[in-house]
Amino acid sequence: MASPSEQYGETAPENLPPPPPLPPKVVPERVPAGSMPERKFIPMARPGIGCEGRCISLLSNHFRVRFGAQDAAGAGSPGVNGSPNQGNIKRSKRLHLEKTFNIEISYAAKIPMKSIALALNGIESEGTQDALRVLDIILRQQQARRGCLLVRQSFFKDDDRNYTDLGGGVTGCRGFHSSFRTTQGGLSLNMDVSTTMIYSPGPVEKFLLANQNVRDVSQIDWVKAKRMLKNMRIKTLHNNMEFKIIGLSELPCNQQRFSLKSKNGDEEGQAAEITVYDYFMRTKGVPLKWSGYVPCLDVGKPKRPNYLPIEALSNMQRSSLVEKSRQKPQERIRVVTDAVKSNRYDDDPLLAACGIKIEMQLTSVDGRVLNAPTLKVGNQEDCIPRNGRWNFNNKRLWAPTQIDRWAIVNFSARCDTSYLSRELINCGRNKGIHIERPFTIFDEDPKWRRSGPIIRVERMVERIIATLPGPPQFFLCVLPERKNCDIYGPWKKKNLHELGIVTQCIAPTKINDQYLTNVLLKINSKLGGTNSLLSVERTLSLPKINKIPTMILGMDVSHGSPGRSDIPSIAAVVGSRYWPLISRYRASVRTQSPKVEMIDSLYKPLPDGGDDGIIRELLLDFYRTSNHKPAQIIIFRDGVSESQFNQVLNVELIQILKAYQHMGDCDPPKITLIVAQKNHHTKLFQANSPENVPPGTVVDSKVVHPRNYDFYMCAHAGMIGTSRPAHYHVLIDEIGFTPDDLQTLVHSLSYVYQRSTTAVSIVAPICYAHLAAAQMSQFMKFEETSETSSVTKEGFPKVPELPRLHENIAKHNRALVN
């Protein structure tokens, strides 16, 4: 692999020798096209099950489904003679717009239920998912007939007991998720509690006041309101029609004009300019008390606006599925079990026609609890986590940094920054971090506090540049609020993109040793230090990784909020560095088309024959820090569903191999590719305890796939609600891990997240990738100009690129943990 022309200035962690010097003037070889043949990948079969760890009896929210014998004989879709029942045609009405429609239903296909029986025997076919989807639809339609709201695979009953006011104009509605799944134990119904959030019904102004926590319409921030209202559905009071909001008018209601054509008999008269305010007051007779002085809602098309005063609107309805539940394990067991019993699925004639009978108790599962890995902290001291947690009380960090030049930037009027500074220095001393007194404390001038976030940041930076004698190692920035602070994005962009200064943002409500220790863990990591290592990293006790140069990748894509199709998605990939370590990572981030899950910039050939893709960047970094080419690559991919596994294997993986080939290596590395899922509905419960399952719990039988290689792992300690295990799917394993070795590696990688003193719920490489994508998205503040933005020659909107990191940041890639 090629050596870069410019050396990075980063050094290896303390107590480890630096990598040997690079060979001078090494130029990458160009491999002829086609020298590495295209490979077709399919998900691998399960090679076996693990046996390490202590045994534990568990329950899972899978309800066994008895499958009728007629299906094995080749029964098709339920119905009369295989055709749809045309007596169940639904009619829809729109008030004041009654029309007659002639609907013709044509026969599409017969879905053989026998494909499910084959899948249970490990023989997947194209019809398996269709057959399962038919069964899911039957359940959904049963709930629809009972008046439930359907959202994807979940249903919600209109019952006051299911509603919870979440504040900010938002109401939580609790319901249930249901889906049929093929497992080792047979066909099962996966039933789980689900929550959707809706905007509380009522006047628009009431929602805006609650959402922004203000008392008067004059205090509403219309920039925020524009973002919140876009794509919401509203209903007008004067004619009871429904619309979708696309934006706000540029002028207030009493100044925003449009052309109104008067009618004389059957002929249209001349158009006259009229304000929206006058039109609704005089023509429609809608009394407007205050909305004449605020923007109108635009419910039209991008080039054909249709303006409505806010007072002319009633309730809004928009829902988005949120996997959220705070129920303790025993409560969740009771609620889910009661739901299966009360829904009387066995009474459904279509399910009966399919030979389906659902049992009423949770499935018993055999699990194992893996021992927590031993960590190494300062002075070669062993640190053994207990219940998935550890601390640095009376302990030093493994490789603490030294902080000589820093300053505090204070945007908050409530924080005692002098006290904060003293306590941070004292806490650092106890953890082995030598921290000098800050150069100064920059308190924001009160006259700028009511300005916009960009102006506040610019004025602060002007003061900083005029005062400091040179660039500091980092800024400690005190924000005025903890969450959704508008200053965060502009401040990060200014420092990381323009100034090249590492910054740590905080918003303390209570300053104590635990809080300051967590802040110092982040600061130490950003400045090149290491908080802890796995003992097996230090002793080189992972032979399949320590003996052969191995690179670990974590991949994730972050999308804009639901309904925002104008915001580019952000793909982030992190790669391990300083092999044989597996706890240090570097990030590479790119933008791509909105809502696209597959990463399209892993390999990005240029017209001059170069490659500007993510993987090349990470491969070069691995070589710089390890002085080896990776002969093995372990990939953890987050955020994809089972239907996308083939794309991961034959689109993304092919890109990775092409990027490797482009570096001048014909022999491809051995690949182990694992998809990690958190957004699923399988829960695990202790059979003999009301507590959450212990950290390190793993399940690779009974509720897993009949053929494919997957397992569930709950690495973290669930402190609130019911723990959700991570679901790992091993799609490729050319390295050849045993099930125990692979599960131990996954478990260990849940303990190397440098920002935490707890095991994380999913492997650290994915946590870092998710963090990098989410934080880099703060760099870009997208205006509501999707209708006027530039487009490509194919007619698609152009995707803006992320601002590049300042060279001082890029060469150390500290943005990863900012």
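Per chain, the residues get numbers from 1 upward, laid out in the order the sequence is written. At least 70 in pLDDT is required for a residue's local features to be given in this predicted model, at least 80 for side-chain atom pairs to be given and counted, and no such filter applies to totals for whole chains, interfaces and linings, which use all residues. Computation of side-chain values covers all heavy atoms of the structure but excludes hydrogens and water.

Novice: Would you explain the overall build of the protein in this entry?
Specialist: Numbering goes from the N terminus for both helices and strands, where a helix is a DSSP run of H or I of at least four residues and a strand is a run of E of at least two. Within the protein one finds 19 helices and 34 strands. Contacts are residue-level and defined by heavy atoms, with any inter-residue pair within 4.5 Å sufficient. Of the contacts formed within the protein by residues at least 6 apart in sequence, a portion of 72% connects residues at least 24 apart.

Novice: Please clarify how the pairing of strand β30 (residues 670-677) should be interpreted in this entry.
Specialist: Note on strand geometry: in a regular strand, side chains alternate between the two faces of the sheet. Summary of the burial criterion: residues with accessible area below 20% of their type's maximum are buried, those above 50% are exposed, and those between are partly exposed, where the area comes from a 1.4 Å probe applied to protein chains only. In terms of burial, β30 is a largely internal element, seven of the eight residues being buried. Should DSSP find at least two bridges between two strands, the strands are regarded as paired. Strand direction decides the pairing type here: strand β29 (residues 632-638) and β30, joined by seven bridges, are parallel. Opposite Q632, over in β30, you have K670 as the bridge partner. The sheet contact formed by β30 and strand β34 (residues 726-733) spans six bridges and is antiparallel. Considered in β34, the bridge of A676 is made with Y728.

Novice: Please clarify how helix α10 (residues 453-467) should be interpreted in this entry.
Specialist: Counting along an α-helix, one turn takes 3.6 residues, and residues three or four places apart therefore face a common direction. By definition here, a helix of n residues has an expected span of 1.5 Å times n minus one. Spanning 15 residues, α10 covers 21 Å between terminal C-alpha atoms, matching the ideal 21 Å at 1.5 Å per step. Buried within α10 we find R456, V457, M460, V461 and I464. The buried residues of α10 all sit within an arc of 125° when viewed along its axis, so they share a single face. Facing away from the buried side of α10, by more than 90 degrees, are the exposed residues I454, I465 and A466. Residues of α10 that are buried sit in contact with β20 (406-410), β22 (441-443), β23 (474-478) and α11 (488-499). Arc definition: directions from the helix axis to the C-beta atoms.

Novice: What is the right way to read the pairing of strand β33 (residues 710-714) from this model?
Specialist: Burial of β33 is extensive: five of the five residues sit out of reach of the surface. The alternating pattern of β33 places D710, Y712 and C714 and F711 and M713 on opposite faces, both of which are buried. Judged from the three bridges that link them, strand β32 (residues 697-699) and β33 form a sheet pairing that is antiparallel. From the neighbouring strand, T697 faces β33, where its bridge partner is C714. Inspection of the sheet shows β33 paired to β34 by four bridges, in the antiparallel sense. Each residue of the ladder has a partner; that of M713, found in β34, is A726.

Novice: What exactly am I supposed to notice about a nonpolar patch on the surface here?
Specialist: Nonpolar side chains collect at one region of the surface, where F101, I103 and I105 lie side by side and expose about 310 Å² of accessible area between them. Position of I105 relative to the elements: it lies in the loop between α1 (69-72) and α2 (114-120). Two joining distances apply to patches: 9 Å for like charges and 5 Å for nonpolar side chains (Val, Leu, Ile, Met, Phe, Trp, Tyr), and every residue must have over 30% relative accessible area and no salt bridge. Methods summary: accessible areas were calculated by the Shrake-Rupley approach with a probe of 1.4 Å, and residue burial reflects only the protein chains presented. We define a salt bridge as a contact between a side-chain nitrogen of Lys or Arg and a carboxyl oxygen of Asp or Glu at a distance within 4 Å.

Novice: I'm lost on the packing of helix α9 (residues 417-430) against helix α12 (residues 513-526) in this one. Help?
Specialist: The packing of two helices is summarised by the inter-axis angle and the distance between the axes. Running from N to C, α9 and α12 cross one another at 75°; their axes reach a closest spacing of 10 Å. The orientation of α9 relative to α12 falls into the category roughly perpendicular. Contacts between α9 and α12 involve L420, E423, L424, C427 and G428 from the first element and D513, L516, T517, V519 and L520 from the second. Angular values range over 0 to 180 degrees, each being the angle between N-to-C directions of two axes fitted as lines to C-alpha atoms, with helices fitted over their stretch in contact. Roughly parallel refers to an angle under 35 degrees, roughly antiparallel to one over 145, roughly perpendicular to one between 65 and 115, and oblique to any angle outside these ranges.

Novice: Got a minute to help me understand unusual backbone geometry in this structure?
Specialist: Only a minority of non-glycine residues have a phi that is not negative, and only a minority of peptide bonds are not trans. Looking along the chain, the bond that leaves W579 and enters P580 is cis, with omega of 15°. Structurally, P580 can be placed in the loop between β27 (569-576) and β28 (585-592). Phi angles above zero are rare outside glycine, and L540 is one such case at about 55°. Structurally, the position occupied by L540 is in the loop between α13 (535-539) and α14 (543-546). The partly exposed category is assigned to L540, whose relative accessible area is 39%. Even without glycine at this site, K595 takes up a positive phi of about 65°. Here K595 is to be found in the loop between β28 and α15 (614-626).

Novice: Looking at this structure, I do not really get the pattern of salt bridges. What am I missing?
Specialist: Side chains that carry opposite charge are capable of pairing whenever their charged atoms lie near each other. Counted under the stated rule, the structure contains 27 salt bridges. In this structure, R456 and E444 form a salt bridge, with 2.8 Å as the shortest nitrogen-oxygen distance. Here R456 is found in helix α10, whereas its partner E444 is found in the loop between β22 and α10, with 12 residues between them in sequence. Across the pair R590 and E617 runs a salt bridge whose closest N-O atoms are separated by 3.4 Å. On the criterion of sequence distance, the pair formed by R590 in strand β28 and E617 in helix α15 is long-range, its members being 27 residues apart. Assessed through its relative accessible area of 9%, R590 is described here as buried. The structure contains a network of salt bridges with shared partners spanning R577, R586, R590, E617 and D621.

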